[in-house]
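Structural overview
Each chain, letter by letter, is given below.
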Amino acid sequence: MLNQRITVEQRVEGQDEAGQPFEDWMPYLSAWAAVYPLRGREIVAADAVASITDVRVNIRYRPGITPALRVQHGTDTYWIESVANVASTGREIELLCKRVQ
């Protein structure tokens, strides 16, 4: 059931008014999705505890979705690890994503 709203974002690079380079994330598309948590774990890196949560996000098929994009769901941001065309039908995409806090 696609009952949760997500935004897929793309990285944008450019220059500000002073000519300084910048990078930012901008909306690429909004979609209805099903977001399923897969597992959670904690890691210790540089004396800080970080929580990593893997999720599966299913959306209707959209061309151009790649791991170079990311998913915003509520206050959580997820990196897209893989993109799969479910059953090769061109009707649904499954995104395996990772959130790092």
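For the structure given in this document, a descriptive report is provided here. If you're wondering where the values come from, they're calculated on a predicted model, not measured in any experiment. (Residues numbered from 1 in each chain as written. Predicted model: local features only at pLDDT ≥ 70, side-chain atom pairs only at ≥ 80, totals over all residues. Heavy atoms only, no water.)

A short note on the overall build of the protein chain
Helices and strands together make up the secondary structure of the protein chain, namely 0 helices and 6 strands. Reading the secondary structure of the protein chain in the N-to-C direction produces β-β-β-β-β-β. Out of the 101 residues belonging to the protein chain, those deemed buried represent 29%. Taking the intrachain contacts of the protein chain between residues at least 6 apart in sequence as the baseline, contacts between residues at least 24 apart amount to 50%. Surface accessibility of the protein chain: about 6600 Å² in total, with carbon and sulfur atoms responsible for 49%. (Helix = DSSP H or I, 4+ residues; strand = E, 2+ residues; numbered from the N terminus. Buried < 20%, exposed > 50% of the residue type's maximum accessible area, 1.4 Å probe, protein only. Contact = heavy atoms within 4.5 Å. Areas by Shrake-Rupley, 256 points an atom, 1.4 Å probe, with all protein chains shown as cover.)

Focus on the packing of aromatic side chains
In the structure shown here, the tally under the stated rule is 1 aromatic pair. Their ring planes at 65 degrees and their centres at 5.6 Å tell us that W25 and W79 sit as a pair that is edge-to-face. Residue W25 is found in strand 2 (residues 21–45), and its partner W79 is found in strand 5 (residues 76–85); the two are separated by 54 residues along the sequence. The class of W79 is partly exposed, set by a relative accessible area of 36%. (Phe/Tyr/Trp six-rings, centres within 6.5 Å; stacked < 30°, edge-to-face > 60°.)

Concerning the nonpolar core
Taken as a class, soluble globular proteins show a tendency for nonpolar side chains to be buried jointly. Of all hydrophobic cores here, the largest spans 17 residues; its most connected members are I6, V57, I65, L95 and C97. Among the elements that make up this core, the one with the highest residue count is strand 2 (4 residues). In contact with I6, other than residues within four places in its own chain, are L29, S30, A31, A33, V35, V57, I59, V71, Q72 and H73. (Core = buried A, V, L, I, M, F, W, Y, C linked by side-chain atoms within 4.5 Å.)

Observations concerning the pattern of salt bridges
Evaluation of the coordinates by the stated rule reveals 4 salt bridges. The partner of R11 in a salt bridge is E23, and the shortest N-O contact between them spans 3.7 Å. Note that R11 is positioned in strand 1 (residues 4–15) and E23 in strand 2, a separation of 12 residues in sequence. Taking relative accessible area as the criterion, E23 reaches 51% and is therefore assigned exposed. For R99, the salt bridge is made with D76, and the minimal N-O distance between the two is 2.9 Å. Here R99, found in strand 6 (residues 92–100), pairs with D76, found in strand 5; they are 23 residues apart in sequence, far enough to count as distant. A relative accessible area of 13% means that R99 is categorised as buried. (Salt bridge = Lys/Arg side-chain N within 4 Å of Asp/Glu carboxyl O.)

Thoughts on the pairing of strand 4 (residues 70–73)
The side-chain alternation of strand 4 yields two buried faces, one formed by R70 and Q72 and the other by V71 and H73. As judged from the 3 bridges shared by strand 1 and strand 4, these two strands associate in the antiparallel manner. Residue T7 lies in a different strand from strand 4, and its bridge partner there is Q72. Bridge analysis of strand 4 against strand 5 gives 4 bridges, and the strand direction is antiparallel. Pairing of H73 across the sheet is with D76, part of strand 5. Here strand 4 hands over to strand 5 after 2 residues, with G74 in that stretch at a positive phi of 65 degrees. (Pairing = 2+ DSSP bridges.)

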